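Structure assessment
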There are 2 protein chains.
Amino acid sequence: MTRGQEPIEKLIELLARLPGLGPRSARRAALHLVRKRDLLLAPLAEAMAEVARSVRPCLECGNLSTAERCAICADPRRDAAQICVVQDVADLWAMERSSAYRGRYHVLGGLLNALDGTGPEELGLPRLAERVREGVSEVILALPATIDGQTTAHYVADILPEGVQATSLAQGVPVGGELDFLDDGTIGAALRARRSL
Amino acid sequence: MTRGQEPIEKLIELLARLPGLGPRSARRAALHLVRKRDLLLAPLAEAMAEVARSVRPCLECGNLSTAERCAICADPRRDAAQICVVQDVADLWAMERSSAYRGRYHVLGGLLNALDGTGPEELGLPRLAERVREGVSEVILALPATIDGQTTAHYVADILPEGVQATSLAQGVPVGGELDFLDDGTIGAALRARRSL
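Residues numbered from 1 in each chain as written. Chains lettered and ligands numbered in written order. Predicted model: local features only at pLDDT ≥ 70, side-chain atom pairs only at ≥ 80, totals over all residues. Heavy atoms only, no water.

**Some words on the interface of chain B and chain A**
Each side of the interface is counted separately: chain B has 50 residues, and chain A has 50 residues. When chain B packs against chain A, the two sides together hide about 4,700 Å² of surface, and 73% of this comes from carbon and sulfur. Taken together, the links from chain B to chain A amount to two salt bridges. The partner of B:Arg35 in a salt bridge is A:Asp88, with the nearest N and O atoms 3.2 Å apart. The interface formed by chain B and chain A holds 16 residue pairs in polar contact (both at pLDDT 80 or more) in total. No other element matches helix 3 (residues 37-54) of chain B, which puts 14 residues into the side of chain B that touches chain A. (Contact = heavy atoms within 4.5 Å. Buried area = accessible area lost by both parts, 1.4 Å probe. Salt bridge = Lys/Arg side-chain N within 4 Å of Asp/Glu carboxyl O. Polar contact = N/O pair within 3.5 Å; in protein donor to acceptor, adjacent residues only side chain to side chain. Helix = DSSP H or I, 4+ residues; strand = E, 2+ residues; numbered from the N terminus.)

Here's what the structure looks like:
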């Protein structure tokens, strides 16, 4: 380490731990930040400090928020009878961007996995079961189509009280997707779930 | 913007302005940061604030440092008779990683370019000419092999006082490089500059 460069080397080392950045792009990002000290570096330092200070998981659903209950859980216009179960906050954001869903959420923060020891407790499933008992009629399992995702979906469906419907997102051809670029499994699923026009 | 998520949306917006990150990877990075609040988010906020506070360009060469004169300019063991001219600090760091150079530097912070109005003043060339007059015998032009890079190299070579040697890095096959993957220009340059064993 060169004397007088410790702060910038520390910055590069930390930036390199972000997903999508390696040592080389972290160096590039650090230099970019120093060049844009007032426009980017100082505001970013402040934004990070602010997030560290104020953003917490919503006590109800696990979404990120500055409030104890996030804006979705606190919004009386959102349908409290529907809960959409997602793996993490990025999936919640993706659902919200679609503007297609008006119910509430439950963020697992992971998936059931015996190997790395992620069990029902870690995913807040007892809390979900409790929420469902308070007048929920449908639980939408918007989980990845992987083995862990489907294991988790089946587990959640099994712990739901009788009378609560468990559903999952439809599988099929993405809007704007070309058949030629789709995998066989997706085409098969789309064919089996075909609808009359 | 969703109420209660303003700080994290602000953070994503700023992260997306880093080179190498787009809106999608900025979202992923922001979530990663929130998950690693104590290990990464808080230290990164502090590291950025520290760099914004303490790191400045060296008054002599333009390298980044917490001191007015960087460690290289202040080191009496570095040869003051050699100045290596580089485009920016990343190039200086690359030269230093090679441990092959024991002289001093001059960081231009750009290249001459008539279109975007980058002239000799912006690159600190008058200051370089002044430094050269103080006992420098060789100026190594380690500038990119682009039109702007070579224009700048020739300009710098022209303003050097008589008796000061202008040199450039050798062009040729990278160490460990396979001929099959090299462009024709590099192979041609390496052939013309061939040496006897």
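From this point, the narrative continues.
**Some thoughts on the UniProt feature "zinc finger region: C4-type" (unreviewed entry) in chain A**
As annotated by UniProt and renumbered to match this structure, "zinc finger region: C4-type" (unreviewed entry) occupies residues 58-73 of chain A. In residues 58-73 of chain A, the share of helix is 19% and the share of strand is 12%. The end C-alpha atoms are 8 Å apart. (UniProt positions renumbered as here; feature names shortened; annotations may be inferred.)

**Structural notes on a nonpolar patch on the surface**
A contiguous nonpolar surface patch, about 240 Å² in accessible area, is contributed by A:Val173, A:Leu179 and A:Ile187. With respect to the helices and strands, A:Leu179 occurs in the loop between strand 6 (165-168) and helix 8 (184-192). (Patch = residues over 30% accessible without salt bridge, like charges linked within 9 Å, V, L, I, M, F, W, Y side chains within 5 Å. Areas by Shrake-Rupley, 256 points an atom, 1.4 Å probe, with all protein chains shown as cover.)

**Some thoughts on helix 5 (residues 89-98) of chain B**
Within the sequence span of helix 5 of chain B, burial applies to B:Val89, B:Leu92, B:Trp93 and B:Met95. The buried side chains of helix 5 of chain B occupy one side of the element, clustering within an arc of 160° when seen end-on. Taken together, the buried residues of helix 5 of chain B touch helix 1 (6-15) and helix 2 (23-35) of chain A together with strand 2 (64-65), helix 4 (71-74), strand 3 (79-86) and strand 4 (103-107) of chain B. You can read the cap of helix 5 of chain B off the contacts: a side-chain oxygen lies 3.0 Å from the backbone nitrogen of B:Ala90, and it is on B:Asp88. Positive backbone phi, at 55°, marks B:Ser99, one or two positions downstream of helix 5 of chain B. (Buried < 20%, exposed > 50% of the residue type's maximum accessible area, 1.4 Å probe, protein only. Arc of directions from axis to C-beta.)

**Here we look at the sheet that holds strand 3 of chain B**
Residue and element names in this part refer to chain B. Strand order in this open sheet of four strands is 4-3-5-6, and the pairing throughout is parallel. Edge positions in the sheet fall to strand 4 and strand 6 (165-168), since each has one partner strand and no second. Averaged over neighbouring strand pairs, the angle between their axes works out to 30° when direction is ignored. As defined by bridge partners, strand 3 adjoins strand 5 (residues 138-142) across five bridges and the pair is classed as parallel. When the sheet's bridge partners are listed, Gln82 is paired in strand 5 with Glu138. Against the sheet, helix 5 engages strand 3 and strand 4, with an angle of about 160° to strand 4. (Pairing = 2+ DSSP bridges. Axes fitted to C-alpha atoms, helices over the stretch in contact; angles between N-to-C directions.)

**Comments concerning the environment of A:Arg192**
Residues and elements named next belong to chain A. Take Arg192: it is sitting in helix 8. Among the residues examined, Arg192 registers a relative accessible area of 66% and is labelled exposed. For the pair Arg192 and Gly172, spaced 20 residues apart in sequence, the C-alpha to C-alpha distance is 9.2 Å.

**Quick notes on the UniProt feature "domain: Toprim" (unreviewed entry) in chain A**
UniProt tags residues 81-174 of chain A as "domain: Toprim" (unreviewed entry). What you have in residues 81-174 of chain A is 34% helix and 21% strand, and the ends, taken at the C-alpha atoms, are 28 Å apart.

**Concerning the sheet that holds strand 5 (residues 138-142) of chain A**
Residue and element names in this part refer to chain A. Read from one edge of the open sheet, four strands run 4-3-5-6, paired in parallel fashion. Both edges of this open sheet fall to strand 4 (103-107) and strand 6, since each of them pairs with a single strand only. In this sheet, adjacent strand axes meet at a mean angle of 30° when their direction is disregarded. Sheet contacts for helix 5 (residues 89-98): strand 3 (79-86) and strand 4; angle to strand 4, the most-contacted strand, approximately 160°. Sitting on the sheet, helix 6 (residues 125-133) touches strand 3, strand 4 and strand 5, and the angle it makes with strand 4 is about 160°.

**As for the relation of the copies chain B and chain A**
What relates the two chain copies is a rotation about an axis together with a slide along it. Aligned on chain A, chain B shows an RMSD of 0.1 Å; the corresponding rotation is 180° and the shift along the axis is 0.1 Å. When the rotation and shift are considered jointly, the pair of chain copies conforms to a two-fold rotation axis. In terms of proximity to the rotation axis, the leading residue of chain B is B:Ala45, whose C-alpha is 2.3 Å off the axis. Both copies share a contact surface, since 100% of the interface residues of chain B are interface residues in chain A too. (Least-squares fit on C-alpha atoms with pLDDT ≥ 70 in both.)

**Notes on the packing of aromatic side chains**
The description of an aromatic ring pair uses the distance of the two centres, along with the angle that the planes make with each other. Residues and elements named next belong to chain A. Evaluated as defined, the whole model comprises two aromatic pairs over all chains. For the ring pair Tyr101 and Tyr105, a centre distance of 5.2 Å and an interplane angle of 70° mean the geometry is edge-to-face. Pair check on accessibility: Tyr101 and Tyr105 agree, each one buried. (Phe/Tyr/Trp six-rings, centres within 6.5 Å; stacked < 30°, edge-to-face > 60°.)

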